[in-house]
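Residue-level structural notes
Each chain, written out:
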Amino acid sequence: MLLALLPSQAPYRVDQVMAAPGLMAGLFGLQVLLAGALSWSGSRRAWRCWWLAAAGLLTLTAVFFALGSWGTTDVTKLSYWFAAAPGTGIGGEPFWHLVAPVIPLLPYRMAAVHGLVAAGYGLAAILLARHWQRPAWAGWWCLFLTASPMLRGFLQNGQSRQALALLLLLPLMLLAARLVRLPRGLVGGATVWSALSHTTFPVNLLFALLPALVSRDGRGSAAGVPRRHWPWLLLPALIAVLLLVVLGPVALQKLNIYANQMSFFSHYAVHREVLLLEAAMALAVVLACRQRGMGPRQLWRCPRSRVLGLFALLYLALQASVEWEWWPQITFRLADGVGLFLLISFLAWLRHYRAERLLLPALAVTLVYWLDDRILPSGGFHCGQDDAFLCIPDRWPGLVRY
């Protein structure tokens, strides 16, 4: 009876939305200014200003994506369900059952959660820039991730749960790729949390572990976890295996539904802006190789190049499956996760070869797409008649009628 009162198909909200391209363009402009402030303060090692600018940028990112995701299907649907029918639509995802009572208390409910997830992506970029001793690039890396057309499904379609699950596997991917030393507790805890967050965990776990196949450079484990520490990872590994056994049937059931009962898929992974971004990234790699006189043999010997190539080939395979419709209703849902690992691998590669400036063409493609193709055209959206990203709430949180 209760579920019968809820909308059954998109659009889930037919009022309380509006287009506000001026407001969103202003918020975006402030993010660019704060990224510039991070660049200025990072180059001068003015750490107090740097941290303040980072906090401001992450706050604006959270606000931007919370407002922008308000009118999207997944966010709206879960905002209803978490209050009226907790547990609906989140089978096999215990974490969301745990936090379901809290979400209705947040301003704009699930939209606020989505804003925090998007800010988490920005935080990952900023922390990596600081850890890799590139603080001046932190803000630009943040925008490169959060505005990327490769992550459109995750961050612009309100796929908050899957986006969080992939973000939580980033520490494991960095460890497997030997890009960062990380505390074993952080990696294990984040992996278990990811397992509790989305039913795509088995596939996501495979993607996160794949770099271990190509990242060994024959010089020990200098960038990874020392061998004597691996036994300490057994407990979270066993927990993850247990969760796979318990939650695996739910994931298989969901996979069967997608494969045999659903035909919907998006072409986001093969849109023009994604192809331009890939071309800009390839150009950066070619220019860096020319500057350093590197050929295919030298690239193959470099573990970071092999990791980058691995995710590039995997992303191309997913694009091909969408373009030629080989199980696209499944593969299009995996493209954003591989895209995240590809973007991180690209930043790590540029940092390794001290070629950060070659990020600028790819960053320009991302920001131009973000402003010209997403924010400014939002003034022409039929908000209330569709469920588009950037259709924002037309009232304060306390005045919303759910």
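Each value, and the rule that gives it
- Residues numbered from 1 in each chain as written.
- Predicted model: local features only at pLDDT ≥ 70, side-chain atom pairs only at ≥ 80, totals over all residues.
- Heavy atoms only, no water.
- Helix = DSSP H or I, 4+ residues; strand = E, 2+ residues; numbered from the N terminus.
- Polar contact = N/O pair within 3.5 Å; in protein donor to acceptor, adjacent residues only side chain to side chain.
- Expected span 1.5 Å × (residues − 1).
- Bend = angle between axes of the 7 residues up to and from the residue.
- Buried < 20%, exposed > 50% of the residue type's maximum accessible area, 1.4 Å probe, protein only.
- Contact = heavy atoms within 4.5 Å.
- pLDDT = per-residue confidence, 0-100.

1. Quick notes on the side chain of threonine 200
Mapped onto the fold, threonine 200 is located in the loop between α10 (184-195) and α11 (201-209). Looking at threonine 200, its side chain comes within polar contact range of the side chain of histidine 198, at 2.8 Å.

2. Description of helix α18 (residues 360-375)
Residues separated by three or four positions in an α-helix point in the same direction, a consequence of the helix having 3.6 residues per turn. For α18, built from 16 residues, the straight-helix expectation of 22 Å at 1.5 Å per residue is met to within 8% by its first-to-last C-alpha distance of 21 Å. Roughly 25° is the biggest bend found in α18, and it falls at tyrosine 369. Those residues of α18 lying buried are Ala362, Leu363, Thr366, Leu367, Tyr369, Trp370, Arg374 and Ile375. Looking at the buried positions of α18, the neighbouring elements they touch are α1 (21-43), α2 (47-68), α6 (138-146), α7 (152-156), α13 (272-292) and α17 (335-352).

3. Focus: unusual backbone geometry
Of note in the backbone geometry, glutamine 133 takes a positive phi value of approximately 60° without being a glycine. Take glutamine 133: it is sitting in the loop between α5 (110-131) and α6. Looking at glutamine 133, the relative accessible area reads 58%, which means it is exposed. Backbone geometry at arginine 354 places phi at a positive 50°, although glycine is not the residue there. Relative to the assigned elements, arginine 354 resides in the loop between α17 and α18. Take arginine 354: its relative accessible area is 64%, and that puts it in the exposed class.

4. Comments concerning the confidence of the model for the protein
Looking at the protein, pLDDT values average 86 and 83% of them are 70 or higher. Counted against residues more than four places away or in other chains, residues 1-6, with its pLDDT under 50, gives 7 contacts. Segment residues 219-225: pLDDT under 50, and 15 contacts once partners within four positions in sequence are set aside and those in other chains are kept.

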